[in-house]
Amino acid sequence: MLRRARQGTSAYFFVMGMIAGVWLARIPAVKAQAGLSDAALGVALFVGLVLGTVLAERLVDRVGSALVARVAGVGNCLLAVPPGLARNLVELMAALLVFGLAGGTLDVAQNAQGVRVEAAYGRPVMTSMHSFYSLGAMAGALAGGGFAWAGVSPGLSLAAAGAVGALTDGFAGRWLLPGAPSRATAAGAAGKSTLPVRPPRRSAEARRVRRLIIALGVLGICGMVGEGAAGDWSAVYLKDNLGTSAGFAALAFAAFSVSMTAGRAVGDGLIHRFGTVRVIRCCGLLAAAGLTAALVSRNPGAVVGGFAVFGAGLSVVVPQVFAAGGRADPARPGSGLAKVVGLGYAGLAAGPAVIGAVASQVGLHRALGIPVLLTLWIAVGAAVLAPRRGEREGGGGGTGPFRTKGRGASVERHRRAYGMHMDDKEILARINGLIATERELRTELADGRLSSEQERERLRSAEEALDQCWDLLRQRRARREFGEDPDAAESRPAAEVEGYQQ
């Protein structure tokens, strides 16, 4: 079940990237068709995206991420068509507003689903799911370019991509983990209330959450400004400042996109081994070094290589910031994630425009120093991604909620770190996954791919996680046997649990 949930969430990321790629490839034709400027396009789409995050903030916490993602996913595919059919300013503004609304809602919902899947896995998987967005964007850009070369109209191009995307999302939506908004939802079904009851929070806790979300939002802005700068200005820099051809200049963003996709494909493994904060710090420094090298060198090939390093450095940043945003406020996971995503969109929309304005005064070569400084701030501010006290399990290369050490460590800490409760099906699915992991480890040992020391360490970790899952499952069943709420199983006295087990 977890494997399918991960595949389904990855499919949503891929489809959203594909739709965005086709749209970006057809923007020139849409602008010519409707007689619109770049600035007007950006404003309309940005307003829709931000409104979408505001809408998703409530919906995800109220009905769960799976339902919101299924509706918004299909809606995002279908609503991509009207902008391609617009013939004037008013039509295009309205179409982009609604398209952005669906896209912003979908982005928050699919990231919230990704956080939930990652929590059930018990190890980092968020970055790899984001890699499918990058793959989809590249596939969509190639398809959009093919449509343009063949003379297909923008509306028909977007309709073809939207149909494929809607079918894919409709099929993959069946695999998403069903959302459980809150315990109060059950009370609402019994007639007590129709809205989730939000537990009161101390003002100190509310301030802590607000500060954390702002800090994560700043990191998201830094990462998204870098992505936007590469998309909008890399080709311009090579063509205007270094005098390359337009075709060669396009290689800079292509190299950036490929290295970002590759970085996201391997990012989860690095995080699992070295920890989130350490990896993000290294990524910030790597991105700064790559872009600095591109600006210092006058060799076009070296500049393309610098943008590739820049993309590798930024690859892991946004997925981890979004994941942390979904965990920032356990009582309202959708709220924290929506705010962080919304701030990230602000960086993506405003960053390239600010760089352009500065470039008109001091030149593009100096203006691109802005994302260099922002990536250095990513390295400085990475500490905000460290797990809170009480969430960290173990040490060394552990990554907070992902790693456990010692038989006293509890799966409940892992659940609390993500602001969710694992029901019996999720616990059993986690157990099945751990058993499969144990088999894979023994196969790798037999094939000579693991040393006996590595095998013992990983098996011990898997066995401890299995013990914790079984303990939690027994406690839930003990609660149910006594007619009590199974979600409070962690507080059950050990003696009663052991008696029930016997």
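All values derive from a computational prediction rather than experimental measurement. (Residues numbered from 1 in each chain as written. Predicted model: local features only at pLDDT ≥ 70, side-chain atom pairs only at ≥ 80, totals over all residues. Heavy atoms only, no water.)

Right, let's get into the overall build of the protein chain. On a plain count of helices and strands, the protein chain comes out with 20 helices and zero strands. If you take every contact in the protein chain between residues at least 6 apart in sequence, the share linking residues at least 24 apart comes to 79%. Surface exposure of the protein chain reaches about 22,200 Å², of which carbon and sulfur atoms provide 62%. (Helix = DSSP H or I, 4+ residues; strand = E, 2+ residues; numbered from the N terminus. Contact = heavy atoms within 4.5 Å. Areas by Shrake-Rupley, 256 points an atom, 1.4 Å probe, with all protein chains shown as cover.)

Take the state of the cysteines next. Within this structure, the stated rule accounts for zero disulfides. No disulfide involves Cys283; its nearest neighbouring cysteine sulfur is the one of Cys282, lying 7.1 Å away. (Disulfide = S-S within 2.5 Å.)

This part takes up the packing of helix 11 (residues 276–296) against helix 12 (residues 300–314). Packing of helix 11 against helix 12 brings their axes to within 7 Å, and their N-to-C directions diverge by 165 degrees. The orientation of helix 11 with respect to helix 12, classified from their angle, is roughly antiparallel. Two packed elements cross with a definite hand, and for helix 11 against helix 12 that hand is left-handed. Taking contact as the criterion, the partners of Cys283, Leu286, Ala287, Gly290, Leu291 and Ala294 in helix 11 are, on helix 12, Val303, Gly306, Phe307, Val309, Phe310, Ala312, Gly313 and Leu314. The residue inventory of the contact of helix 11 with helix 12, partitioned by class, reads 11 nonpolar, three polar and no charged. (Axes fitted to C-alpha atoms, helices over the stretch in contact; angles between N-to-C directions. Parallel < 35°, antiparallel > 145°, perpendicular 65-115°, else oblique. Left-handed = near helix turned anticlockwise from the far one by under 90°. Nonpolar A, V, L, I, M, F, W, Y, C, P; charged D, E, K, R; others polar.)

Turning our attention to the side chain of Arg327. By the element assignment, Arg327 lies in helix 13 (residues 317–328). Relative accessible area serves as the criterion here: at 15%, Arg327 is assigned to the buried category. (Buried < 20%, exposed > 50% of the residue type's maximum accessible area, 1.4 Å probe, protein only.)

Counted under the stated rule, the structure contains three salt bridges. One salt bridge connects Glu118 with Arg327, and the closest N-O pair in it is separated by 3.4 Å. Here Glu118, found in helix 5 (residues 89–121), pairs with Arg327, found in helix 13; they are 209 residues apart in sequence, far enough to count as distant. We note that Glu118, like Arg327, is buried. Arg264 is the partner of Glu227 in a salt bridge, and the nearest nitrogen-oxygen pair spans 3.5 Å. With Glu227 in helix 9 (residues 203–241) and Arg264 in helix 10 (residues 246–274), the pair connects residues that are 37 residues apart, well separated along the chain. Classification of Arg264 by relative accessible area gives buried; the value is 4%. (Salt bridge = Lys/Arg side-chain N within 4 Å of Asp/Glu carboxyl O.)

Another point: the nonpolar core. Core analysis: the largest hydrophobic core is formed by 89 residues, its most contacted members being Ile19, Trp23, Leu216, Tyr237, Leu238, Phe307 and Phe310. Among the elements that take part in this core, helix 9 stands out by supplying 12 residues, more than any other. When neighbours within four sequence positions are excluded, Phe310 is seen to be in contact with Gly226, Ala230, Phe256, Ala287, Gly290, Leu291, Pro371 and Thr375. Membership of the second largest hydrophobic core comes to 13 residues, among which are Val117, Tyr121, Leu177 and Ala429. (Core = buried A, V, L, I, M, F, W, Y, C linked by side-chain atoms within 4.5 Å.)

The next thing to look at is helix 6 (residues 126–150). With 25 residues, helix 6 should cover 36 Å at 1.5 Å per step; its first-to-last C-alpha distance of 37 Å lies within 8% of that length. Regarding helix 6, the residues found buried are Met126, Thr127, Ser128, Met129, His130, Ser131, Ser134, Gly136, Gly140 and Gly144. Turning to helix 6, the residues buried within the fold contact helix 1 (2–34), helix 5, helix 10 and helix 13. In the stretch just after helix 6, Gly151 is the one whose phi turns positive, near 80 degrees. (Expected span 1.5 Å × (residues − 1).)

Right, let's get into the packing of aromatic side chains. A complete count under the given rule lists five aromatic pairs for this structure. Pairing Phe253 with Phe256 gives two aromatic rings, centres 5.9 Å apart and planes at 20 degrees, and the pair type is stacked. Highlighted residues: Phe253 and Phe256, both in helix 10, separated by three residues, approximately one helical turn. What makes Phe256 buried here is its relative accessible area of 2%. Pairwise contacts between aromatic rings join Phe253, Phe256, Phe307 and Phe310 into one cluster. (Phe/Tyr/Trp six-rings, centres within 6.5 Å; stacked < 30°, edge-to-face > 60°.)

Between its first and last C-alpha atoms helix 14 (residues 333–362) spans 42 Å; for 30 residues at 1.5 Å apiece the expected length is 44 Å, and the two agree. The axis of helix 14 is deflected most strongly, by about 30 degrees, at Ala350, and proline Pro352 appears within four residues downstream. With its phi angle positive at about 100 degrees, Gly363 sits one or two positions after the end of helix 14. (Bend = angle between axes of the 7 residues up to and from the residue.)

The next thing to look at is the confidence of the model for the protein chain. Looking at the protein chain as a whole, its pLDDT mean stands at 80, while 80% of the residues score no less than 70. No element of the protein chain has a lower mean pLDDT than helix 8 (residues 183–189), at 35, and none a higher one than helix 11, at 95. Every residue in residues 390–420 scores below 50 in pLDDT, and together they form 75 contacts with partners more than four places removed in sequence or on other chains. Every residue in residues 489–502 is under pLDDT 50, and counting partners more than four places away or in other chains gives 19 contacts. (pLDDT = per-residue confidence, 0-100.)

Our next topic: the side chain of Ser157. Topologically, Ser157 is positioned in helix 7 (residues 154–172). Beyond its immediate sequence surroundings of up to four residues, Ser157 is in contact with Val22, Arg26, Phe147 and Val152.

On to a nonpolar patch on the surface, then. There is a patch of nonpolar side chains on the surface, built from Val43, Val47, Leu51, Leu97 and Val98 and spanning about 370 Å² of accessible area. Looking at the nonpolar patch element by element, the count peaks at three residues for helix 2 (residues 38–63). Relative to the assigned elements, Val47 resides in helix 2. Judged by its relative accessible area of 37%, Val47 is partly exposed. (Patch = residues over 30% accessible without salt bridge, like charges linked within 9 Å, V, L, I, M, F, W, Y side chains within 5 Å.)

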